Amino acid sequence: MNNKIRVGIMGYGNLGRGVELAINQQEDMELIAIFSRRGSEGVQPVNSKVKVDFADQAINYQDQIDVMILCGGSATDLPQQTPEYAQYFDVVDSFDNHSKIPEHFASVDQVANQHQHVAIISGGWDPGLFSLNRVIADAVLAQGETYTFWGKGLSQGHSDAVRRIQGVKYAVQYTIPSQEAIDQVRQGLGPELTTGDKHQREVYLVIEEGADKQAIEQEIVTMPGYFADYQTQVNFIDEATFKADHTTMPHGGFVIRSGQTGEKLEHNQVYEFNLTLDSNPEFTASVLVALARASQRMKQLELYGAHSILDVAPAWLSAKSGDELRKNYL
């Protein structure tokens, strides 16, 4: 009897490819199909034997797929796709527009509950693992401040948001953390830092011939939820430079909580979680695949509706048994 978790991938860009690679490393999962607006002619999976179909055909696979991992962008794809596919499958997404997560959660929760499916939203590392560590650090160190720094690295969600602007041909966005601010936090100085104090955003883009540079730059720097609250530098470059210098996808960052303990709060304690990633999409994909496993544990418990990583028990992420986890990790 085949007890493997049957997975579908919706969307096959960098993230979708990363999900395929991650599934290939899981003994308890199998990839059933990849779905794309481009269909089989426009998608070349890592494993040429994997079935590829058009996105609008996914609903015909309800009896073949346990969980659908949604790999579209947060700007326009996921707000529509996640509640749509939560009608037919358990779903996992990487919705990363922090300010709109409550709204996204509510729309997905209603549909998933109605159709008795589990939907885990905003998976990845931020939101995702960073979110979890912010909660843990705050719970453990009740007196203190939590700081999040991102980068240096390429943000998929922000890059996607820029690419969707009319007239933009190619675009990437890098987040640059302030080393001075990081040092102040680690020293327990408790600095009051604005968004602009902690990071700068750098955008490199190639525009279509005849596109309005000034209008595009203004749309970028004023984009709510992505750039409006940051110091943003926009760099227009040619296609050759873009392809030579801006095709890798590193990222990373830090969650740091500096807190005080003791009768007089005289002891400074620093909780830090950090990531250094060669491939942002492949790591994000690996988190989504672990959450896909968790969704099936939650399905067994009839925990229908929308959830985030904050609602997921760590043991549900692992393919190992409870006995193995207690013996080797506790």
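Residues numbered from 1 in each chain as written. Predicted model: local features only at pLDDT ≥ 70, side-chain atom pairs only at ≥ 80, totals over all residues. Heavy atoms only, no water.

### Concerning the packing of helix α1 (residues 14-23) against helix α10 (residues 280-300)
How two helices sit against one another is set out by the angle between their axes and by the gap between those axes. It is at 8 Å that the axes of α1 and α10 come closest, and there the two elements cross at 55°. By the angle between their directions, the pair α1 and α10 is classed as oblique. In this structure, the crossing between α1 and α10 has a hand that is right-handed. Two secondary-structure elements touch here, α1 through Asn-14, Leu-15, Arg-17, Gly-18, Val-19, Leu-21, Ala-22 and Ile-23 and α10 through Pro-281, Glu-282, Thr-284, Ala-285, Ser-286, Leu-288 and Val-289. When grouped by side-chain class, the residues that make up the contact of α1 with α10 number nine nonpolar, four polar and two charged. (Axes fitted to C-alpha atoms, helices over the stretch in contact; angles between N-to-C directions. Helix = DSSP H or I, 4+ residues; strand = E, 2+ residues; numbered from the N terminus. Parallel < 35°, antiparallel > 145°, perpendicular 65-115°, else oblique. Left-handed = near helix turned anticlockwise from the far one by under 90°. Contact = heavy atoms within 4.5 Å. Nonpolar A, V, L, I, M, F, W, Y, C, P; charged D, E, K, R; others polar.)

### Focus on α10
Look at α10: 31 Å from first C-alpha to last across 21 residues, which is about the 30 Å you get at 1.5 Å a residue. Counting buried positions over the 21 residues of α10 gives 15, a clear majority of the element. A distance of 3.2 Å separates the backbone nitrogen of Glu-282 from a side-chain oxygen at the start of α10, and that oxygen is part of Ser-279. One or two positions beyond α10, positive phi appears at Glu-302, with a value near 60°. (Expected span 1.5 Å × (residues − 1). Buried < 20%, exposed > 50% of the residue type's maximum accessible area, 1.4 Å probe, protein only. Polar contact = N/O pair within 3.5 Å; in protein donor to acceptor, adjacent residues only side chain to side chain.)

### Regarding the nonpolar core
Counting residues in each nonpolar core, the largest one holds 30 residues, and the members touching the most others are Val-19, Ile-23, Ile-34, Ile-69 and Ile-120. Mapped by element, the contributors of at least two residues to this core are β1 (5-10), α1, β2 (29-36), β4 (67-70), β6 (118-120) and α10. With eight residues, the single largest contributor to this core is α10. If we ignore the near neighbours within four places in the chain, the residues touching Val-19 are Ile-9, Ile-69, Cys-71, Ala-285, Leu-288 and Val-289. One finds Ala-55, Tyr-61, Tyr-85 and Ala-86 within the second-largest nonpolar core, a separate group that totals 22 residues. (Core = buried A, V, L, I, M, F, W, Y, C linked by side-chain atoms within 4.5 Å.)

### Focus: the layout of surface pockets
Computed from the structure, the second largest pocket encloses a volume of approximately 250 Å³. Taken together, 15 residues make up the lining of the second largest pocket; nearest its centre are Ser-74, Ala-75, Pro-79, Asn-97 and Lys-100. In terms of residue count, helix α3 (residues 101-114) provides more of the lining of the second largest pocket than any other element does, three residues in total. Looking at side-chain class alone, the lining of the second largest pocket contains seven nonpolar, five polar and three charged residues. (1 Å grid on protein atoms, 1.4 Å probe; cavity = no way out; pocket = protein on both sides within 12 Å on 5 of 7 lines; lining within 4 Å. Points joined across faces, edges and corners; volume = space filled by probe spheres on them.)

### As for the packing of aromatic side chains
Counted under the stated rule, the structure contains six aromatic pairs. Ring centres 6.5 Å apart and planes at 70° place the aromatic pair Tyr-88 and Phe-89 in the edge-to-face group. Seen from their ring centres, Tyr-174 and Tyr-204 are 5.8 Å apart, and the 70° between their planes marks the pair as edge-to-face. Of the two residues, Tyr-174 sits in strand β9 (residues 168-177) while Tyr-204 sits in strand β10 (residues 199-207), which places them 30 residues apart along the sequence. An aromatic cluster is present here, built from Trp-125, Phe-130 and Phe-273 joined pairwise through their rings. The ring of Tyr-230 has Arg-201 lying over it, and the distance from NZ or CZ to the ring centre is 3.9 Å. (Phe/Tyr/Trp six-rings, centres within 6.5 Å; stacked < 30°, edge-to-face > 60°. Lys NZ or Arg CZ within 6 Å of the ring centre and 35° of its normal.)

### As for the pattern of salt bridges
Summed over all chains, the structure comprises twelve salt bridges. For Arg-293, the salt bridge goes to Asp-28, with nearest N and O atoms at 2.7 Å. With Arg-293 in helix α10 and Asp-28 in the loop between α1 and β2, the pair connects residues that are 265 residues apart, well separated along the chain. The class of Arg-293 is buried, set by a relative accessible area of 3%. The salt bridge partner of Asp-160 is Arg-164, with a shortest N-O separation of 2.9 Å. The exposure class assigned to Asp-160 is buried, which follows from its relative accessible area of 14%. (Salt bridge = Lys/Arg side-chain N within 4 Å of Asp/Glu carboxyl O.)

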